[in-house]
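Here is what each chain is made of, one letter per residue.
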Amino acid sequence: MSQHASDHYPANHDATTTTPREDTMSQDSNAKGQQTTTAELAQAVEAAHEAFLKARSETPRTKAEWLESVASALEADAEALVQVAARETHLSEQRLTGELRRSVFQLRLFAEEIRSGEHLDATIDHADPDWGMGPRPDIRRVNVPLGVVGVFGASNFPFAFSVAGGDTASALAAGCAVVHKAHEAHPELAALTAAAVVRGLEAAGAPAGLFALVTGREAGAELVQHPLVKAIGFTGSTAGGRALMDLAAKRPEPIPFYGELGGINAVVVTPIAWHERRDEVISEYVASFTLGMGQFCTKPGLLFVPAGEDADLQEPLNAALREPAGHSLLSPHLAAGYAKAVEEMSGRPGVRVLVPGSFGEVPQPTVLVADAREAFSDPELLRREMFGPASLVLRYSDGEELLRLVGLLEGQLTTTIQGTAGDVGQDSTNELTEVLAERSGRVLWNQWPTGVTVSYAQHHGGPYPATSSNTTSVGTAAIRRFLRPVAYQGWPEAALPEPLQDANPWRIPQRVDGAWRRPEPEAVAAS
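Asker: What is the right way to look at the overall build of the protein chain in this model?
Answerer: Counting its secondary structure elements, the protein chain contains 16 helices and 17 strands. A globule of 527 residues ought to have a C-alpha radius of gyration of about 24 Å, and the protein chain, at 24 Å, matches this closely. Over its C-alpha atoms, taken along the principal directions, the protein chain stretches across nearly 75 × 65 × 45 Å. Counting across all 527 residues of the protein chain, residues that qualify as buried make up 57%. Of the accessible surface of the protein chain, which amounts to about 20,700 Å², a share of 51% is contributed by carbon and sulfur atoms. Charge-centre separation for the protein chain: the mean point of 43 positive side chains lies 3 Å from the mean point of 66 negative side chains.

The structure is reproduced here in structure tokens:
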């Protein structure tokens, strides 16, 4: 999530490991500022690998029960978790309560998804002597879990993208074990959350060691390089993520690195929309880029509007900026980085300060403005993130200039068009949409990118540097990151994995000779 976790790596972390037998000790150790040693990291990974070997052949129903038990454990500790999170992050209890509820919902949704068996993609091709390209052997394919997954959490979402967040939930749902590298911005919360996860897994009968918590910069680097770790899930800064991604690629056995690294999330306002509802657009824009003090990875950091006088922007901006209530940023390190980013951006040639902000304990929002020609001579205007309550307005003269501007964008998590019914179906709108879709993972129409629901169709990702892959870190599709396909050819029926047997003992969807066969819902629920 780009600079929302800029202090995530390589800054130091408090540390120890969490196992089913050491969760209380882990909380005390984290509070004392200890760091996970090399030996403790190895022990945690090895225990996770052993747990994975025991867990990988369990039924989808059993694994779903593990996730539901973790969800219940988090609910049971909700009051304490929210209080600790509020103290360590400066976020409101209302915001944190909603975020914890989201994380619990996500675990239960993933449980429902894996119970259905859709993620296994069980595919059966029976032997066919008359197959079009010659006789076909009996071949069957199913997705299997990768193994131990290392997960790095973020600072700005201490529940949704942290210890019990999306990467942990999706890796466990896939049938993997997880070793989570805690974020140093909330060490006490990380330990408390980890204890709840471990307790939930224990209560459901999951193998000991299936989840562990480690902390510390050195532990993070060692986690990426440990030979038993088979994938990494990361949410953090582009610089930190790229450093870890390079470590993963340089291993003797390179492993997948699923990093969400950030984005500017450009919003384009069409001339018609600007004419018809300028004040409304500005009001919604302000609400979006100041939400959570601008510490969302989906914050709209760029707003493209038609050319005009800056005075036309001033009044509606000032009116909208009377509303947002401020609070401290997540950490002093992040606050310093935010102030530096705004200072550097406002000092670039052609950039004008439209609304001067402040950088005290509670920063006040900043709005900068520049003309399109400045971005053509300095494309970094479109690529520098100001992680906090600041954004840049760029003014374009016509549709051709707008397309040139959009063409300079790097990969984005989201892009948005604010348009009207009159824009729909126009060649210019269609072309603009195509260019935006090439550069982002989610394209919005007349909505705002802040707020990422957890659902089946959600895609939270985008071309580099938004992410390091073409996958999503939010929604049920995130589970498939931590699976790989294995095909079995010519095997006796009785020796095949259960998902590939003709009898279908797990009662999951199977694609048989090209046609999907789905069990009745009642049969799935009872399996």
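Now, onward.
Asker: Whenever I open this one, helix α15 (residues 427–439) confuses me. Can you help?
Answerer: Every α-helix winds through 3.6 residues per turn, so residues three or four apart in the chain are directed the same way. Along its 13 residues, α15 runs 19 Å from first to last C-alpha, staying within 8% of the 18 Å computed at 1.5 Å per residue. Within the sequence span of α15, burial applies to Thr429, Leu432, Val435, Leu436 and Arg439. Here the buried residues of α15 occupy an arc of 130 degrees about the axis, which is enough to place them on one side. Exposed residues on α15 whose side chains face more than 90 degrees from its buried face are Asp427, Glu434 and Glu438. Of the surrounding elements, those touching the buried residues of α15 are β8 (266–269), α14 (399–407), β13 (412–418) and β14 (440–445).

Asker: Just checking my understanding: could you explain the pattern of salt bridges for this structure?
Answerer: Here the idea is simple: oppositely charged side chains can pair when their charged atoms come close. Tallied over the full model, the rule gives 26 salt bridges. Close ionic contact of Glu188 with Arg87 constitutes a salt bridge, the shortest N to O distance being 2.5 Å. Placement of the pair is Glu188 in helix α7 (residues 187–203) and Arg87 in helix α4 (residues 78–89), with a sequence separation of 101 residues. Glu188 gets classed as partly exposed once you look at its relative accessible area, which sits at 36%. Notably, a salt bridge pairs Asp310 with Arg352, separated by 2.7 Å at the nearest N-O pair. You can see Asp310 sitting in the loop between β9 (302–306) and α11 (311–320) and its partner Arg352 sitting in strand β10 (residues 352–355), a full 42 residues away along the chain.

Asker: What is the right way to look at the packing of aromatic side chains in this model?
Answerer: The geometry of two aromatic rings is summed up by the distance between their centres and the angle between their planes. Summed over all chains, the structure comprises nine aromatic pairs. Summarising the aromatic geometry, the rings of Phe157 and Phe296 are spaced 5.0 Å apart at their centres and angled 50 degrees between planes, so their arrangement reads as tilted. On the criterion of sequence distance, the pair formed by Phe157 in the loop between β3 (148–152) and α6 (166–174) and Phe296 in the loop between α10 (271–289) and β9 is long-range, its members being 139 residues apart. One exposure class covers both Phe157 and Phe296, and it is buried. Ring plane angle 80 degrees and centroid distance 6.1 Å describe the contact between Tyr488 and Trp491, whose orientation is recorded as edge-to-face. For Tyr488, a relative accessible area of 22% puts it in the partly exposed group. Here Trp491 falls in the partly exposed class, since its relative accessible area comes to 45%. Cluster of aromatic residues (ring-pair linked, three or more members): Phe152, Phe234 and Phe257. Directly above the ring of Phe376 sits Arg404, whose terminal nitrogen or CZ lies 3.8 Å from the centroid.

Asker: Just to check I follow, could you spell out the pairing of strand β1 (residues 122–125) for this structure?
Answerer: Where a strand is regular, its side chains alternate between the two sheet faces. Two elements, β1 and strand β16 (residues 510–512), share three bridges in a ladder whose sense is parallel. Note on β16: the bridge partner recorded for Ile124 is Val512. Where β1 lies against strand β2 (residues 139–145), three bridges are found, and the strand directions are antiparallel. Residue pairing in the sheet places Asp125 in a bridge with Ile139 of β2.

Asker: Please clarify how the sheet that holds strand β17 (residues 515–517) should be interpreted in this entry.
Answerer: Spatial ordering of the open sheet is given by β15-β2-β1-β16-β17, a layout of five strands whose pairing is mixed. The sheet terminates laterally at β15 (483–489) and β17, the two strands that pair on one side only. Each neighbouring strand pair of the sheet contributes to a mean axis angle of 25 degrees, computed without reference to strand direction.

Asker: It is not clear to me how the side chain of Thr472 should be interpreted in this structure. Could you clarify?
Answerer: Relative to the helices and strands, Thr472 is located in the loop between β14 and β15. Residue Thr472 is classed as buried on the basis of its relative accessible area, which comes to 4%. Polar side-chain contacts of Thr472 include one of 2.7 Å to the backbone oxygen of Val474. In contact with Thr472, other than residues within four places in its own chain, are Gln458, His459, His460, Ala477, Ala478 and Arg481.

Conventions we followed
- Residues numbered from 1 in each chain as written.
- Predicted model: local features only at pLDDT ≥ 70, side-chain atom pairs only at ≥ 80, totals over all residues.
- Heavy atoms only, no water.
- Helix = DSSP H or I, 4+ residues; strand = E, 2+ residues; numbered from the N terminus.
- Rg over C-alpha atoms; globule rule 2.2 N^0.38 Å.
- Buried < 20%, exposed > 50% of the residue type's maximum accessible area, 1.4 Å probe, protein only.
- Areas by Shrake-Rupley, 256 points an atom, 1.4 Å probe, with all protein chains shown as cover.
- Lys, Arg positive; Asp, Glu negative; His and termini not counted.
- Charge placed at Lys NZ, Arg CZ, Asp CG, Glu CD.
- Expected span 1.5 Å × (residues − 1).
- Arc of directions from axis to C-beta.
- Contact = heavy atoms within 4.5 Å.
- Salt bridge = Lys/Arg side-chain N within 4 Å of Asp/Glu carboxyl O.
- Phe/Tyr/Trp six-rings, centres within 6.5 Å; stacked < 30°, edge-to-face > 60°.
- Lys NZ or Arg CZ within 6 Å of the ring centre and 35° of its normal.
- Pairing = 2+ DSSP bridges.
- Axes fitted to C-alpha atoms, helices over the stretch in contact; angles between N-to-C directions.
- Polar contact = N/O pair within 3.5 Å; in protein donor to acceptor, adjacent residues only side chain to side chain.

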